[in-house]
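# A look at the structure
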Amino acid sequence: MVDTRTQYLKIKDEIDSAINSVIDSSQFIQGPIVGEFERNVSSYLNCKHSIGCASGTDALQIAMMALGIKPGDEIITTPFTFVATTETIALLGAKPVYVDIDEKTYNIDVNRIAEKITKKTKAIIPVHLYGQPAEMDKIMEIARANGLFVIEDAAQALGSVYKGKKICTIGDINCISFYPSKNLGAFGDAGMLTTNSDEHAEKIRMITSHGSRKKYYHEILGVNSRLDSIQAAILNVKLRYLDEYCNARSSAAAKYNNILEGAVDEPFVLPDGKHIYHQYSIRVKNRNGMQEFLKQNGIPSMIYYPVPLHLQEAYKYDYKRGDYPVSEKIAEEIISLPMHTELDDEQIFFITEKVKEFLKNNI
Ligand SMILES: *Cc1c(COP(=O)(O)O)cnc(C)c1O
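Residues numbered from 1 in each chain as written. Predicted model: local features only at pLDDT ≥ 70, side-chain atom pairs only at ≥ 80, totals over all residues. Heavy atoms only, no water.

What follows deals with the packing of aromatic side chains. With the rule as written, the count across this model stands at 13 aromatic pairs. Relative to Tyr-245, the ring of Tyr-241 lies with its centre 6.1 Å away and its plane at 25°, an arrangement referred to as stacked. By the burial criterion, Tyr-241 is buried, and Tyr-245 matches it. Judged by centre distance (6.0 Å) and plane angle (65°), the ring pair of Tyr-319 and Tyr-324 falls under edge-to-face. A relative accessible area of 5% means that Tyr-324 is categorised as buried. Put simply, the rings of Tyr-98, Tyr-317, Tyr-319 and Tyr-324 touch in pairs and so form one group of aromatic residues. (Phe/Tyr/Trp six-rings, centres within 6.5 Å; stacked < 30°, edge-to-face > 60°. Buried < 20%, exposed > 50% of the residue type's maximum accessible area, 1.4 Å probe, protein only.)

Written out as structure tokens, the structure is:
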């Protein structure tokens, strides 16, 4: 599904020397490279503040803590995503209130958000699934009209663009994951928060560091969630290649589209957005059959995600099957093909041949 090793080997000297300089400095926690990387992300995105933390999941939790989310609050989000969004809402004692997804983009259906807003609603968390931006204009408009915060879950979408603005600069606080397989991947867990607000930024910094500004003086409730210097050094090198990486994925996606045309619907791309293909996902009626067939031919594939969050044992609340029919249907039909920066034409040809072969025999 991914090939982080070949990607590393191409820039091995740069990465190794960045790692070695952190080891030489012995500044493993909050070394100067962390600040340097944060400034480089801010200038890449054109946003005011970037603050490193330990993972994308932590970034979501810290964002909600910084915005004062309390037990009993309601947070509007999508049921068709990775569990981290719902998990962190629940950890803070708030309730995830789901809005079904749009059948074409797989992102939150902006036309159905308003009906879910109550007096308890505090924020909306759109997820830019598979690397495609959610419809941020409408989301911001609804949020502003109702006094809600917006937290972008951009874990899969760093480098993506919506109406000329980089994803991660539109919401009040935005969350990035540098999980190794993400478009900008670390060599372990790492994450980041971005914001244009000085006030939010200050609070986020305090929360990531045990709620303190000054060591051993704790003003607010915090956590221990820092970006390690070694991860920052690696990411700082790889950030220079991020656009190249996103373009390599887009070009692989274009080749998939070309060869699969007529056999399967290509992933829909919002006219206002730039899709960076964290995943290349298609819908297939006999999805499980296709996955098995690909496996027999030595081709990996993944199901992101087989169970929508409202049907997960740990997060059922009062939700039941049938509540979010689009998410439930897509969860049964979606399948992601190998997608990474090192896919070559031969691999794409082989994969698409097998996909077509399966579809021909299974209409
Ligand atoms: C990867 C991911 C996260 C969590 O990031 P981690 O760095 O793995 O904690 C959150 N949301 C989405 C949509 C993700 O894909």
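Applying the stated criterion to the full structure yields 2 cavities of 30 Å³ or more. Considering only enclosed or pocket space, the largest cavity measures out at about 80 Å³ in volume. Lining of the largest cavity is provided by Val-2, Asp-3, Thr-4, Gln-7, Pro-180, Ser-181, Lys-182, Gly-185, Lys-238, Arg-249, His-340 and Thr-341. When grouped by side-chain class, the residues that make up the lining of the largest cavity number 2 nonpolar, 6 polar and 4 charged. Two domains share the lining of the largest cavity, each providing at least three of its residues, namely domain 1 (12–239) and domain 2 (242–361). The wall of the second largest cavity is formed by Lys-104, Thr-105, Tyr-106, Leu-129, Tyr-130, Gln-132, Pro-267, Phe-268, His-275, Gln-279, Tyr-280 and Ser-281. Looking at the lining of the second largest cavity residue by residue, the class counts come to 6 nonpolar, 5 polar and 1 charged. Residues from two domains meet in the lining of the second largest cavity; each of domain 1 (12–239) and domain 2 (242–361) gives at least three. (1 Å grid on protein atoms, 1.4 Å probe; cavity = no way out; pocket = protein on both sides within 12 Å on 5 of 7 lines; lining within 4 Å. Points joined across faces, edges and corners; volume = space filled by probe spheres on them. Nonpolar A, V, L, I, M, F, W, Y, C, P; charged D, E, K, R; others polar. Domains from an automatic or database assignment.)

Around the ligand sit 13 residues in total, of which Gly-56, Thr-57, Gln-156, Ser-177 and Lys-182 are the nearest. The separation between an oxygen atom of the ligand and a polar side-chain atom of Thr-57 is 2.5 Å. Measuring from an oxygen atom of the ligand, one finds a side-chain N or O atom of Ser-177 at 2.7 Å. Starting from 380 Å² of accessible surface for the ligand in isolation, the protein chains cover 93%. Here the shell around the ligand is composed, by residue class, of 5 nonpolar, 6 polar and 2 charged. (Near = heavy atom within 4 Å. Polar contact = N/O pair within 3.5 Å; in protein donor to acceptor, adjacent residues only side chain to side chain. Areas by Shrake-Rupley, 256 points an atom, 1.4 Å probe, with all protein chains shown as cover.)

With antiparallel pairing, 3 strands are arranged side by side in an open sheet as S7-S6-S12. Two strands bound the open sheet, and with one partner strand each, they are strand S7 (165–166) and strand S12 (273–274). Where strand S6 (residues 161–162) lies against S12, 2 bridges are found, and the strand directions are antiparallel. When the sheet's bridge partners are listed, Tyr-162 is paired in S12 with Gly-273. (Pairing = 2+ DSSP bridges. Helix = DSSP H or I, 4+ residues; strand = E, 2+ residues; numbered from the N terminus.)

What follows deals with the state of the cysteines. One pass over the structure, following the stated rule, counts 0 disulfides. With no disulfide of its own, Cys-53 has Cys-175 as its nearest cysteine by sulfur position, at a separation of 7.6 Å. With no disulfide partner, Cys-168 has as its closest neighbouring cysteine sulfur the one in Cys-47, 7.5 Å distant. Classification of Cys-168 as buried rests on a relative accessible area of 0%. (Disulfide = S-S within 2.5 Å.)

Taken together, the 7 strands give an open sheet; going across it, the order is S1-S9-S8-S5-S4-S2-S3, and neighbouring strands pair in mixed fashion. Two strands lie at the open edges of the sheet, namely strand S1 (49–53) and strand S3 (95–98), each paired on one side alone. With strand direction ignored, the average angle separating the axes of adjacent strands in the sheet is 25°. Sheet topology note: the S1/strand S9 (residues 191–195) ladder contains 5 bridges and is antiparallel. Across the sheet, residue Ser-50 finds its bridge partner in S9, namely Thr-194. Helix-sheet contacts for helix H5 (residues 84–91) involve strand S2 (74–77), S3, strand S4 (121–125) and strand S5 (149–153), and the interaxial angle to S3 is about 140°. (Axes fitted to C-alpha atoms, helices over the stretch in contact; angles between N-to-C directions. Contact = heavy atoms within 4.5 Å.)

Among soluble globular proteins, nonpolar side chains are generally buried collectively. Phe-37, Ile-113, Met-136, Ile-139 and Phe-178 are the most contacted members of the largest nonpolar core, which totals 58 residues. At the level of secondary structure, the elements contributing two or more residues to this core comprise helix H2 (12–25), helix H3 (32–45), S3, helix H6 (136–146), helix H8 (229–239) and helix H9 (242–260). Per-domain counts for this core show at least three residues from each of domain 1 (12–239) and domain 2 (242–361). When sequence neighbours within four positions are dropped, the list of residues in contact with Ile-139 reads Ile-108, Val-110, Ile-113, Ile-124, Pro-126, Ala-134 and Val-150. Grouped together as the second largest cluster of nonpolar side chains are 36 residues, Tyr-106, Ile-282, Val-284 and Phe-293 included. (Core = buried A, V, L, I, M, F, W, Y, C linked by side-chain atoms within 4.5 Å.)

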